[in-house]
Amino acid sequence: MKKVVAIGELLIDFVPQQKGCSLDEVTHFERVAGGAPANVAAAVARLGGRAAMVSQVGEDAFGTHILKVLRSNGVDTTHVFRTGRANTGLAFVSLDATGNREFSFFRNPSADLFLSQDQITADIFDDCAALHFCSVDLVDWPVRAAHRKAIGLARRAGAIVSFDPNVRLPLWSSPEECQAAIREFLPYADLVKLSDDEVEFVTGCADERDAAEKLFAMGCRLLIVTRGTDGSAAYTSAGAQGFAETLRVPVTDTTGAGDSFIGSFLYQLTRDGVDCGGLAALTGEQLTRYLAFSAQYASLTVQHKGAVMATLDELRQAYPN
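All values reported here derive from a predicted model rather than from experimental measurement.

*Asks:* Hey, could you run me through the overall build of the chain in this one?
*Replies:* When helices and strands are tallied, the chain shows 9 helices and 13 strands. Against the compact-globule benchmark of 20 Å for 321 residues, the chain has a radius of gyration of 18 Å, which places it among compact chains. Put simply, 71% of the contacts in the chain that link residues at least 6 apart link residues at least 24 apart. Within the chain, one finds 29 positive and 39 negative side-chain charges whose respective centroids are separated by 5 Å.

What follows is the structure, encoded as structure tokens:
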């Protein structure tokens, strides 16, 4: 099986020990290694695939902890660098009664922002099935150029380029700046994953089918939309579509839900040898099957505090059929 490479932020999520209160009311937090691209890599690795992370952490205890967690999950950290120029980023989280989140970020700057294009080398993409990235590190720092180089090398290697914008407006000076950065990188993506509340912000289209057509015109081959309790959908540029329902489970924390969904989806594509050209050839039946698998996988994540990724055995035990 070829590997999935993820590039982007690594940080510590401080998740609250209380639910149903705002961030200014939380009194106790628990440290959890985080960062959306890292969660995706961990999902792939925990399911039995191969995953590598490209990023940078500080020369501090938080960076050391993140590296330990990634390695314990089976993620290759060969290209996770360390720097003394800034500390590892932090995010403090609050949870409402339903497990939905509010964030406060401490990364002005953080170590990941100093990842440079010189640190991105072609060997990272040897035997690579997919490169996955998000929008958090598309800010105007060296890491943005590192993303451009990584995408270019991944495309040259024939890998799928997967983009989950994962919008975090508190990290941007304005919503317009965030939107512009995301739209600049959309034409590079073969696969785009959006949540239903991001569709219009990212594409300018309120209807997800219209959004799909707009993305296909830019070169995208597969759009995945997660709709929270209303399930998920996938559309290919060739006209196939699939849908799956959300499983009803007790929700502790939605942190990492979307990451586990796209991570498990990328795992399936890699497991089945689907390459960039094969994305548009996926049938509605295949899409529905992949979405259902990812819905099951994400349902396990939301039952834990923090972005805890299940193993394939744990998934099979929870859903034996």
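*Asks:* Looking at this model, I keep getting lost on helix H8 (residues 284-301). Mind explaining?
*Replies:* Along an α-helix, a turn takes 3.6 residues, which lines up residues three or four apart on a common side. Between its first and last C-alpha atoms H8 spans 26 Å; for 18 residues at 1.5 Å apiece the expected length is 26 Å, and the two agree. Buried residues of H8: Leu 287, Tyr 290, Leu 291, Phe 293, Ser 294, Ala 295, Tyr 297, Ala 298, Ser 299, Leu 300 and Thr 301, and no others.

*Asks:* Sorry, what's going on with the pairing of strand E4 (residues 50-58) here?
*Replies:* Consecutive side chains of a regular strand alternate in pointing toward one face of the sheet and then the other. Burial within E4 is extensive, with 8 of its 9 residues counted as buried. Sheet topology note: the strand E1 (residues 3-7)/E4 ladder contains 5 bridges and is parallel. The residue bridging Ala 6 from the neighbouring strand is Met 53, located in E4. Relative to strand E5 (residues 76-83), E4 runs parallel, the two being bridged by 6 bridges. Residue Gly 58 lies in a different strand from E5, and its bridge partner there is Thr 83. Between the parallel elements E4 and E5, the chain passes through helix H2 (residues 61-72) in a crossover that is right-handed.

*Asks:* Can you help me understand helix H1 (residues 36-46) in this one?
*Replies:* A large share of H1 lies buried, amounting to 10 of its 11 residues. Among all positions of H1, only Ala 36, Pro 37, Ala 38, Asn 39, Val 40, Ala 41, Ala 42, Ala 43, Val 44 and Ala 45 are buried. Gly 48 sits one or two positions beyond H1 and adopts a positive phi of about 110°.

*Asks:* I keep staring at the pairing of strand E12 (residues 232-236) and nothing clicks. Help me out?
*Replies:* Most of E12 sits inside the fold, with 5 of its 5 residues counted as buried. By the alternation rule, side chains of E12 split into Ser 232, Ala 234 and Thr 236 and Ala 233 and Tyr 235, which are all buried. Where strand E11 (residues 222-226) and E12 come together, 5 bridges link them in antiparallel fashion. Bridge pairing in E12 links Leu 223 to Tyr 235. Here E12 pairs with strand E13 (residues 241-244) via 4 bridges, running antiparallel.

*Asks:* Sorry if this is basic, but what is going on with the pattern of salt bridges here?
*Replies:* When their charged atoms lie close together, side chains carrying opposite charge are able to pair. For the structure on display, the rule yields 11 salt bridges. For Arg 148, the salt bridge identified is with Glu 184, shortest N-O distance 2.8 Å. With Arg 148 in helix H3 (residues 142-156) and Glu 184 in helix H4 (residues 175-185), this residue pair connects regions lying 36 residues apart in the sequence. Since its relative accessible area comes to 31%, Glu 184 is described here as partly exposed. Via salt bridges that share partners, Arg 107, Asp 112 and Asp 137 belong to a single interconnected network.

Conventions we followed
- Residues numbered from 1 in each chain as written.
- Predicted model: local features only at pLDDT ≥ 70, side-chain atom pairs only at ≥ 80, totals over all residues.
- Heavy atoms only, no water.
- Helix = DSSP H or I, 4+ residues; strand = E, 2+ residues; numbered from the N terminus.
- Rg over C-alpha atoms; globule rule 2.2 N^0.38 Å.
- Contact = heavy atoms within 4.5 Å.
- Lys, Arg positive; Asp, Glu negative; His and termini not counted.
- Charge placed at Lys NZ, Arg CZ, Asp CG, Glu CD.
- Expected span 1.5 Å × (residues − 1).
- Buried < 20%, exposed > 50% of the residue type's maximum accessible area, 1.4 Å probe, protein only.
- Pairing = 2+ DSSP bridges.
- Right-handed = clockwise from strand over helix to strand, strands pointing away.
- Salt bridge = Lys/Arg side-chain N within 4 Å of Asp/Glu carboxyl O.

Remember that the coordinates give geometry; whether it matters functionally is a separate question.
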